Amino acid sequence: MTRVRDVLLPAPGAKPLVDSFQRQISYLRLSVTDRCDLRCSYCMPERMTFLPRKDVLSLEELFQLSLGFIARGVRKIRVTGGEPLVRRDIIDLFRALGRKLGDGLDELALTTNATRLALHADELARAGVRRVNISLDTRDRARFEALSRRDALPQVLEGVAAAKAAGLKVKINTVALKGSNQEEIPDLVAWAHGEGFDLTLIEVMPLGEVEQDRVDHFLPLSEVRARLEQRWTLTPLGDTTGGPARYDRVRETGGRLGMITPLTNNFCAGCNRLRVTATGQLYPCLGGGERVDLRAALRSEEPEANLQAALDEAMRIKPERHHFDISRRGVAPAQPRHMSMTGG
Ligand code: SAM
Ligand code: SF4
């Protein structure tokens, strides 16, 4: 990536991002591609239509956007996708953003399926990444292949090990799926905690069309919790990252267990985040259709002013909460966008 001028840094004193419900935004989830080398069945169909490359922001544009957000008070950026590590030269963006650490940015993080993490873990750590969220729904090779439609578990586990060896703090994210990994969840928790990793369970969300009806796989985490409590002692931890997860300490393992329950327990009141797609569309809510076109702002004659105006508009329209409903069979997804587009 060519070195980018800090063209979008507004004058000192730029106003922070505060929405109409007085929530201050300090966290950006930035999708750098909608493409992926897996096809997790709850996330996307096998024959997924990806965005035309020309519509996707260049690495320079992604960096410029990030600078615009940092200047308005965003202190944490999580790079996500699609699968971020399939994007060519993505490490250049990490390096560029890493130079903003301590200069506006407090944290640079990544969410990945880890298929290519063994190749990049050291470079990421050198660029300033300290934490990585790794999505892993099963450690059983056949189940992994059935779920993700790719026989990639060995590479993923290599990626996990490489991240640990590089000194990255690993958190495992696991989507809880009825009739799939349901029975394996306690073993996954025991494994993750044994490795020194936190683990967060996620309820499947109705985002984008996939082949199956998600209602068939929806597993309320209240059920999972009851099951885990037969084996372990779970003590709620007060700390929250301003995000959707609620955490417990598992006394017997010593590890932390998070639960993200968008369907059974709304988490919007403390929401501190925004999401930007790889085409520069800002979605102030994962579950809502509201959107602001940052790419148009960025490619306009006056990118600085238009980007700032677009961010103000996002603050105006960020909804109070999402309205997911997965309870009824055959109902259209809450949003037509797949999670791989908005960025998980
Ligand atoms: N490819 C990377 C990965 O899998 O970590 C980053 C993007 S992926 C969309 C981010 C997270 O979203 C993953 O943990 C994945 O399990 C989760 N996810 C995808 N579709 C989902 C859905 N419909 N409901 C709940 N979680 C979903
Ligand atoms: Fe790819 Fe992540 Fe979606 Fe799985 S969850 S298909 S790894 S984007």
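Residues numbered from 1 in each chain as written. Chains lettered and ligands numbered in written order. Predicted model: local features only at pLDDT ≥ 70, side-chain atom pairs only at ≥ 80, totals over all residues. Heavy atoms only, no water.

Asks: Would you mind showing me how to read the pattern of salt bridges here?
Replies: Any two side chains of opposite charge can pair, on the condition that their charged atoms come close. Within the structure shown, the criterion is met by 20 salt bridges. Arg227 is the partner of Glu183 in a salt bridge, and the nearest nitrogen-oxygen pair spans 3.1 Å. Of this pair, Glu183 sits in the loop between β5 (169–176) and α6 (185–195) while Arg227 sits in helix α7 (residues 221–231), and the two are 44 residues apart along the sequence. For Asp187, the salt bridge identified is with Arg231, shortest N-O distance 3.6 Å. On the criterion of sequence distance, the pair formed by Asp187 in helix α6 and Arg231 in helix α7 is long-range, its members being 44 residues apart. Exposure remark for Asp187: the relative accessible area of 45% places this residue in the partly exposed category. A relative accessible area of 45% means that Arg231 is categorised as partly exposed. The structure contains a network of salt bridges with shared partners spanning Lys15, Arg72 and Asp312. (Salt bridge = Lys/Arg side-chain N within 4 Å of Asp/Glu carboxyl O. Helix = DSSP H or I, 4+ residues; strand = E, 2+ residues; numbered from the N terminus. Buried < 20%, exposed > 50% of the residue type's maximum accessible area, 1.4 Å probe, protein only.)

Asks: I'm lost on the site of ligand 1 in this one. Help?
Replies: For ligand 1, the set of nearby residues contains 18 residues, the closest of which are Tyr42, Gly82, Thr112, Ser135 and Met205. Tyr42 is positioned such that a nitrogen or oxygen atom in its side chain is 3.0 Å from an oxygen atom of ligand 1. Note that a nitrogen atom of ligand 1 is positioned 3.0 Å from one of the backbone N or O atoms of Gly82. Calculation on ligand 1 without its partners gives an accessible area of 540 Å², and the protein chains cover 95% of this total. Counting residues per element, the ones that place at least two in the shell around ligand 1 are β3 (107–112) and α10 (339–342). Each residue belonging to the shell around ligand 1 can be placed in one class, and the counts come to six nonpolar, nine polar and three charged. (Near = heavy atom within 4 Å. Polar contact = N/O pair within 3.5 Å; in protein donor to acceptor, adjacent residues only side chain to side chain. Areas by Shrake-Rupley, 256 points an atom, 1.4 Å probe, with all protein chains shown as cover. Nonpolar A, V, L, I, M, F, W, Y, C, P; charged D, E, K, R; others polar.)

Asks: What's the story with the nonpolar core in this structure? I'm lost.
Replies: Buried together is how nonpolar side chains tend to be arranged in soluble globular proteins. Core analysis: the biggest nonpolar cluster contains 96 residues, and Phe69, Phe94 and Leu294 have the highest contact counts within it. Among the elements that take part in this core, helix α1 (residues 59–71) stands out by supplying seven residues, more than any other. Discounting chain neighbours no more than four positions away, the residues touching Phe94 are Val79, Leu108, Ala109, Leu110, Leu124, Ala127 and Val129. (Core = buried A, V, L, I, M, F, W, Y, C linked by side-chain atoms within 4.5 Å. Contact = heavy atoms within 4.5 Å.)

Asks: For this particular structure, what's the right way to read unusual backbone geometry?
Replies: Negative phi characterises most residues that are not glycine, and trans characterises most peptide bonds. Positive phi, normally seen in glycine, also occurs at Ala114, with a value near 75 degrees. Topologically, Ala114 is positioned in the loop between β3 and α3 (117–127). You will see that Arg149, though not glycine, has its phi angle at about 60 degrees, which is positive. Looking at the secondary structure, you find Arg149 in the loop between α4 (141–148) and α5 (153–165).

Asks: Is there a simple way to think about α5 in this case?
Replies: One turn of the α-helix equals 3.6 residues, which is why residues spaced by three or four share an orientation. The end-to-end C-alpha distance of α5, which contains 13 residues, comes to 18 Å, matching closely the 18 Å that a straight helix rising 1.5 Å per residue would cover. Every buried residue of α5 is accounted for by Leu153, Val156, Gly159, Val160, Ala162 and Ala163. Buried residues belonging to α5 abut α3, β4 (131–135), α4, β5 and α6. Downstream of α5 by one or two residues, Gly167 has phi in the positive range, about 85 degrees. (Expected span 1.5 Å × (residues − 1).)

Asks: How should the environment of Leu199 be read in this particular structure?
Replies: Among the secondary structure elements, Leu199 is positioned in strand β6 (residues 198–203). Here Leu199 is in contact with Ile172, Thr174, Leu188, Val189, Ala192, His193, Arg256, Leu257 and Gly258, once residues within four sequence places are set aside.

Asks: What should I look at first to understand the environment of Ser41 in this one?
Replies: In this structure, Ser41 sits in the loop between β1 (27–31) and α1. Those residues in contact with Ser41, other than ones at most four positions away along the chain, are Leu147, Arg149, Val210 and Gln212.

Asks: So what exactly am I meant to see when it comes to the side chain of Asp198 here?
Replies: Structurally, Asp198 can be placed in strand β6. Among the polar contacts listed, one links the side chain of Asp198 to the side chain of Arg256, at a separation of 3.2 Å.

Asks: Just checking my understanding: could you explain the confidence of the model for the protein for this structure?
Replies: Atomic detail in the predicted coordinates should be set aside for any region of low pLDDT. This prediction gives the protein a mean pLDDT of 88; 87% of its residues lie at or above 70. Taken together, the stretch residues 3–11 has pLDDT below 50 and engages in 22 contacts with residues farther than four places along the chain or on a different chain. (pLDDT = per-residue confidence, 0-100.)

Asks: Looking at this structure, I do not really get the layout of surface pockets. What am I missing?
Replies: With a probe scaled to a water molecule rolled over the atoms, the places where space remains empty come into view. Put simply, the second largest pocket is a space of about 310 Å³. Thr33, Arg35, Arg53, Arg87 and Arg88 are, among the 13 residues lining the second largest pocket, the residues nearest its centre. When the residues that make up the lining of the second largest pocket are grouped by side-chain class, the tally is five nonpolar, two polar and six charged. (1 Å grid on protein atoms, 1.4 Å probe; cavity = no way out; pocket = protein on both sides within 12 Å on 5 of 7 lines; lining within 4 Å. Points joined across faces, edges and corners; volume = space filled by probe spheres on them.)

Asks: Would you mind showing me how to read the sheet that holds β4 here?
Replies: Strands in a sheet are paired, the pairing made by backbone hydrogen bonds, and the direction either parallel or antiparallel. In spatial order, the strands read β7-β8-β9-β6-β5-β4-β3-β2-β1-β10-β11-β12; together these 12 strands make up an open sheet with mixed pairing. Edge positions in the open sheet fall to β7 (234–237) and β12 (292–293), since each of these has one partner strand only. Relative to β6, β5 runs parallel, the two sharing six bridges. Looking across to β6, one finds that Asn173 is bridged to Thr200. (Pairing = 2+ DSSP bridges.)

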